[in-house]
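Structural description and commentary
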Amino acid sequence: MKSLEELTPRQDRIEKKNSGLFAKFAGVILLVIVVIVLFRTLGNASLFFYPVDEAVEKRVELEDRRFRVIGTPQPGIIETTLSGRQVLVFTLCTGDIYADVVHEGDPAELFNPGVPVVLQGVWREVKPPSIEKLLYSPNDGWHIETDSMVVKHDNDYRSDRAELESCSSE
Amino acid sequence: MTSSITTASKGSKILGLTSLVGFVVLVLLAFFVTDPDIRFHPETGEEFGQFDAVRLLYLHVPLIAVTYLAFVVCAIASAGYLVKRTFWWDSMAHAAGEVGTLTCALVLITGSIWGRPVWNTWWEWGDVRVMSTLILFLLFLGYLALRGAFVSPQRAARPAAIVALIAVLDIPLINRSVEWWENRTLHQKSTLSELKIEDLTLFTLMLGILVALLVMSWLILHRFRVAWLEHAEFEQGIKTAIEERRQIDNED
Amino acid sequence: MTHLGYLLAGWGLSSFIVLLYAFRLIKRGAQLSKRVPSEHARWISSPKQNSG
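Residues numbered from 1 in each chain as written. Chains lettered and ligands numbered in written order. Predicted model: local features only at pLDDT ≥ 70, side-chain atom pairs only at ≥ 80, totals over all residues.

In terms of helices and strands, chain A carries three helices and seven strands. Of all intrachain contacts in chain A linking residues separated by at least 6 positions in sequence, the fraction that spans at least 24 positions is 64%. (Helix = DSSP H or I, 4+ residues; strand = E, 2+ residues; numbered from the N terminus. Contact = placed C-beta atoms within 7 Å.)

As structure tokens, then:
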């Protein structure tokens, strides 16, 4: 029989085996990440928003729970202060249903009348400040107090011929 | 002159050069010829839009197109491997899977960079399209990890092919997510299918897709050749080991 | 030009990553080509073969 040396595992084989182990470990970690991502997506962290009409319909049901709402801001955005805080007051709509919004925090760069936004906040049974200056206010004694704003950009890239989101045409 | 031996061929050199020229033309069009996205509100007269951030879409959208394509190629090659059991199919699946994972990572990166000025967020947990794309990326990262977990490429081929065939099912989900879960995504509906893009903007986007296709083809081709050589080296290693063992046995 | 930082980050990072990957592929291909007999790679090209 030849010396036992010949049966000693070669260094490069050991390294390959170790890298295989690492890859298996990485695979398990990845699987765990996929499950977490799925859980987050399908769970409460999921981005789910009501259109304005549904948010108005569920106003009582939503109580003081935070929710997300999507709608199109209408012309007549007012910058004002409320209890010493800088806020934006405007009207949001979906179809022919309107809701007033008091937003605290920096607005999105694209924030403009006609560009749909997703806001996060709570219903307040109080008239918003400077309501008399709002052009499209439903004036129903409610407003949504929001502190988070993201933009849902449309799919129109025809520049000057692009159609704007309009509440009445929906 | 062995040092200049490469995986390049005349065809791949032409492909590479065309990709490079195409990329330069694309950058010129995307940055200096096309207009920024500016609109005027009919009522207020104010200008608004994505402005120059729109130029990121000439990269982001083509990357999505080639990511889908690379993963579809990977799945087809995986199915081919399961039927034919030849190394050619496995190498093709491996090459397309790796290139697709790379472009998928770039889709997530460029999407995030575009999202900050346009959506007002770098990342939106819970956006179905963002999340399903992230899952696709992670699945194919897992696919590559699985391939690396085996010392022998032949042993990795079958389980990897099955994973690729499962992972690719995420693509129709990503594509249709904006229609199926409209109130769970910030992504807009398809611009191309509704033809809400025209003239130079459309041309530049199409050129972007073409250039991305050329680059992807070049990458897959070279990755395939590397995989082929790796396999040849592995086989050669086994042969040498057997011969060495035979010699040892003969010496005994 | 607005959003120049975002544009440079997006285009720059993507180009850099793809170029880096392409360079790695070429390098790995060249390394392997030296070790594997040319009959395993009929696309292999070298000045010697081209001139011959």
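This part covers the interface of chain B and chain A. Counting residues at the interface gives 48 residues for chain B and 48 residues for chain A. Secondary-structure elements contributing two or more residues to the side of chain B that touches chain A are β1 (37–40), α3 (87–119), α4 (128–148) and α7 (199–251) of chain B. Of all the elements, α4 of chain B adds the most residues to the side of chain B that touches chain A, at eleven residues. Of the residues assigned to the side of chain B that touches chain A, the class counts are 22 nonpolar, twelve polar and 14 charged. (Nonpolar A, V, L, I, M, F, W, Y, C, P; charged D, E, K, R; others polar.)

The next point concerns the environment of Leu28 of chain B. With respect to the secondary-structure elements, Leu28 of chain B resides in helix α1 (residues 10–33). Each C-alpha atom, one on Leu28 of chain B and one on Thr204 of chain B, is 9.8 Å from the other, the two residues being 176 residues apart in sequence.

Another aspect to go through is the environment of Gly126 of chain B. Residue and element names in this part refer to chain B. Relative to the helices and strands, Gly126 is located in the loop between α3 and α4. Owing to 19 C-beta atoms within 10 Å, Gly126 belongs among the partly exposed residues under this scheme. Once the C-alpha coordinates of Gly126 and Arg184 are considered, the two residues, 58 residues apart in sequence, prove to be 7.3 Å apart. (Buried ≥ 20, exposed ≤ 12 C-beta atoms within 10 Å, placed from the backbone.)

Let's shift gears to the interface of chain C and chain B. Contact with chain C, which involves 32 residues of that partner, is made by 34 residues of chain B. Counting residues per element, the ones that place at least two in the side of chain C that touches chain B are α1 (4–35) and α2 (47–51) of chain C. The dominant element in the side of chain C that touches chain B, judged by the number of residues it contributes, is α1 of chain C, at 20 residues. Across the side of chain C that touches chain B, the residue classes break down as 19 nonpolar, nine polar and four charged.

Confidence in the prediction of chain A, expressed as mean pLDDT, is 82, and 75% of residues score 70 or more. Residue range residues 1–5 of chain A is modelled with pLDDT below 50. Its contacts to residues more than four positions away, or to other chains, number four contacts. (pLDDT = per-residue confidence, 0-100.)

With that out of the way, let us pick up the pairing of strand β4 (residues 85–94) of chain A. Consecutive residues of a regular strand have side chains that alternate between opposite faces of the sheet. All names here are of chain A. With seven of its ten residues buried, β4 lies for the most part within the structure. Of the strand pairs in this sheet, strand β2 (residues 67–73) and β4 are connected by two bridges, and their pairing is antiparallel. Among the inter-strand pairings, Thr72 is bridged to a residue of β4, identified as Cys93. Examined bridge by bridge, strand β3 (residues 78–82) and β4 share five bridges and lie antiparallel to one another. Bridge pairing in β4 links Thr80 to Val87. Here β3 hands over to β4 after two residues, with Ser83 in that stretch at a positive phi of 50°. Sheet analysis places β4 next to strand β5 (residues 97–104), joined by eight bridges and oriented antiparallel. (Pairing = 2+ DSSP bridges.)

Averaged over every residue, the pLDDT of chain C is 83; residues scoring 70 or more account for 79%. Note on residues 46–52 of chain C: pLDDT is under 50 here. Beyond four places in sequence and across chains, it has eight contacts.

Residue and element names in this part refer to chain A. Sheet topology places β5 next to strand β7 (residues 143–151); three bridges connect them, and they run parallel. What sits directly across from Val102, in β7, is Glu145. For strand β6 (residues 117–124) and β7, the ladder comprises eight bridges, and the chain directions are antiparallel. Bridged to Val122 within β7 is Glu145.

What follows concerns the environment of Ala160 of chain B. Residue and element names in this part refer to chain B. Positionally, Ala160 belongs in helix α5 (residues 153–167). When the C-alpha positions of Ala160 and His94 are compared, they lie 8.7 Å apart, and in sequence the two are 66 residues distant. Sequence-distant contacts of Ala160, that is, excluding residues within four places in its chain, are made with Tyr143, Leu146 and Arg147.

So, about the nonpolar core. Residues and elements named next belong to chain B. Among the nonpolar cores identified, the biggest contains 114 residues, and Ala70, Ala96, Phe140 and Ala164 are the most heavily contacted of them. In terms of residue count, α7 provides more of this core than any other element does, 16 residues in total. Ignoring any residue separated from it by four or fewer positions in sequence, one finds Phe140 in contact with Phe71, Gly97, Gly100, Thr101, Cys104 and Ala167. (Core = buried A, V, L, I, M, F, W, Y, C linked by C-beta atoms within 7 Å.)

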